Amino acid sequence: MLSTILNLFGRSPFAPLQSHMDKVSQCIHQLPELFQALQAKDYETVERVAEKISELEHEADVTKNDIRNHLPKSLFLPIDRSSLLEVLTIQDSMADRAEDVAVLLTLKHIEILDIFKDDFYNFLNKNIEAFDSSCLIIKEMHELLESSFGGVEAIKVRSMVDMVAYQEHEVDILQRKLLKSLYQTEDNIPYSTFDLWQKIFSALSSISNLAEKLAYRVRMMLELK
């Protein structure tokens with residue numbers, strides 16, 4: 001793993017971030033299958049997919065720690081070393097939130113309630129869209145380096161950052177709608193189910209919140225250039 005990480009740094013100082021983001025993406029993209037199993041009330045598959053998400057989150061953690069431990073101190077970086085590590089931490093937190101969702105779904109056999117089913121899938125998909133948009137920004141980092149963090153490429157990335165922010169805003173609107181629907185059922189479901197759904201909504205929305213935070217951190221790098 002050490003030689004792999006060093007080879008990545010040799011290609012580009014952003015290549016390790018992109019490699020780690022690929023691990024995080026694998027983790028996030030298990031979520032639709034997790035909720036499809038829940039919709040089908042296939043709780044055995046819920047457990048299996050949740051375990052897979054935990055394994056992928058661990059792989060992301062290992063990659064993160066290898067990058068942190070082997071980031072060459074003598075390496076010339078076009079951005080501040082602490083900024084690179086901060087981006088890495090934000091990326092890793094998204095995998096953590098996916099694992100949080102997976103763990104929550106294994107605590108109790110619950111169902112996706114009809115009153116918010118359609119809105120919930122829009123909410124889930126919009127969180128993943130925001131995440132995917134943040135992934136595209138990380139993939140653009142090498143091109144930003146090639147353009148010395150300026151020109152058309154910087155304009156393009158700023159536009160991508162704005163897109164993530166808008167998608168996160170859409171998530172906020174959907175989350176409020178979901179919570180209103182959930183509160184309408186408050187008297188008809190056990191409190192433990194009510195509380196669990198609140199936590200699921202919160203953990204999922206954290207993914208788009210972190211995607212926005214990541215996007216803004218990249219924009220800050222641009223502004224400091």
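Undergrad: Help me get a handle on the nonpolar core, residues and values and all.
TA: Counting residues in hydrophobic clusters, the biggest one holds 69 residues, and the most contacted among them are L31, L34, F35, F120, W197 and L204. Looking at this core, the elements with two or more residues in it are α2 (15-28), α3 (31-39), α4 (43-70), α5 (81-105), α6 (117-139), α8 (151-184) and α9 (191-223). Sort the elements by how many residues they give to this core and α9 lands first, with 15 residues. In this structure, L34 is in contact with V46, V49, A50, I53, V101, A102 and L105, ignoring residues within four places of it in sequence.

Undergrad: Before we move on, could you go through the packing of aromatic side chains and cite the residues and values that matter?
TA: Within the structure shown, the criterion is met by twelve aromatic pairs. Here the aromatic rings of F116 and W197 are separated by 5.1 Å at their centres, their planes lie at 75 degrees, and the arrangement is edge-to-face. With F116 in the loop between α5 and α6 and W197 in helix α9, this pair connects stretches of sequence that are 81 residues apart. With a relative accessible area of 0%, W197 lands in the buried category. With a centroid separation of 6.1 Å and an interplanar angle of 35 degrees, the aromatic rings of Y191 and F194 are classed as tilted.

Undergrad: How would you summarise the environment of A165 if you had to cite specific residues and measurements?
TA: Mapped onto the fold, A165 is located in helix α8. By relative accessible area, A165 is classed as buried at 15%. When the C-alpha positions of A165 and A130 are compared, they lie 8.1 Å apart, and in sequence the two are 35 residues distant.

Undergrad: Pulling in residues and values, what's your account of the packing of α2 against α4?
TA: One can describe the packing of α2 onto α4 by two numbers: an axis separation of 8 Å at closest approach and a directional angle of 170 degrees. In terms of their interaxial angle, α2 and α4 are classed as roughly antiparallel. In this structure, α2 meets α4 at a crossing whose hand is left-handed. Residues P16, H20, K23, V24, Q26 and C27 of α2 lie in contact with α4, whose contacting residues are I53, L56, E57, E59, A60, T63, K64 and I67.

Undergrad: Tell me about the confidence of the model for the protein chain, and name the residues and values.
TA: Residues with a pLDDT of 70 or more make up 84% of the protein chain, whose mean pLDDT is 88. When pLDDT is averaged over each helix and strand of the protein chain, the minimum, 47, is found for helix α1 (residues 2-11) and the maximum, 98, for α3. Predicted confidence for residues 1-6 stays below pLDDT 50, and this span has seven contacts to residues more than four positions away or in other chains.

Undergrad: Give me unusual backbone geometry: which residues, what numbers.
TA: Across residues other than glycine, the phi torsion is negative in most instances, and most of the peptide bonds are trans. The backbone of K41 shows a phi angle near 60 degrees, a positive value even though the residue is not glycine. Turning to its location among the elements, K41 is positioned in the loop between α3 and α4.

Undergrad: Which residues make up the side chain of H20, and what values do they have?
TA: Mapping H20 onto the fold places it in helix α2. Taking the relative accessible area as the measure of exposure, H20 reaches 0% and is therefore buried. Non-local contacts of H20, meaning those with residues more than four positions away in its chain, are made with A60, T63, K64, I67, L88, Q91 and D92.

Undergrad: Mind laying out the environment of S159, listing which residues take part and the relevant values?
TA: With respect to the helices and strands, the residue S159 is situated in helix α8. The class of S159 is partly exposed, set by a relative accessible area of 46%. Between the C-alpha atoms of S159 and R219, which are 60 residues apart in sequence, the distance is 9.9 Å.

Undergrad: Requested: an account of α3, with residues and values cited.
TA: Those residues of α3 that fall on the buried side of the exposure criterion are L31, L34, F35, A37 and L38. Down the axis, α3 shows its buried residues gathered within 155 degrees of arc, on one side only. Downstream of α3 by a residue or two, K41 has a phi angle that is positive, lying close to 60 degrees.

Undergrad: Can you explain the pattern of salt bridges? Please cite residues and give values.
TA: Following the criterion strictly, the structure yields 14 salt bridges and no others. The shortest N-O distance in the salt bridge between K117 and D114 comes to 3.2 Å. With relative accessibility at 22%, the residue K117 sits in the partly exposed group. With a shortest N-O distance of 2.9 Å, K126 and E129 are connected by a salt bridge. One end of the pair is K126 and the other is E129, both in helix α6 and three residues apart, which spans about a single turn. We classify K126 as buried; its relative accessible area is 16%. One salt-bridge network, held together by shared partners, links D61, K64 and D92.

What counts, and at which threshold
Residues numbered from 1 in each chain as written. Predicted model: local features only at pLDDT ≥ 70, side-chain atom pairs only at ≥ 80, totals over all residues. Heavy atoms only, no water. Core = buried A, V, L, I, M, F, W, Y, C linked by side-chain atoms within 4.5 Å. Buried < 20%, exposed > 50% of the residue type's maximum accessible area, 1.4 Å probe, protein only. Helix = DSSP H or I, 4+ residues; strand = E, 2+ residues; numbered from the N terminus. Contact = heavy atoms within 4.5 Å. Phe/Tyr/Trp six-rings, centres within 6.5 Å; stacked < 30°, edge-to-face > 60°. Axes fitted to C-alpha atoms, helices over the stretch in contact; angles between N-to-C directions. Parallel < 35°, antiparallel > 145°, perpendicular 65-115°, else oblique. Left-handed = near helix turned anticlockwise from the far one by under 90°. pLDDT = per-residue confidence, 0-100. Arc of directions from axis to C-beta. Salt bridge = Lys/Arg side-chain N within 4 Å of Asp/Glu carboxyl O.

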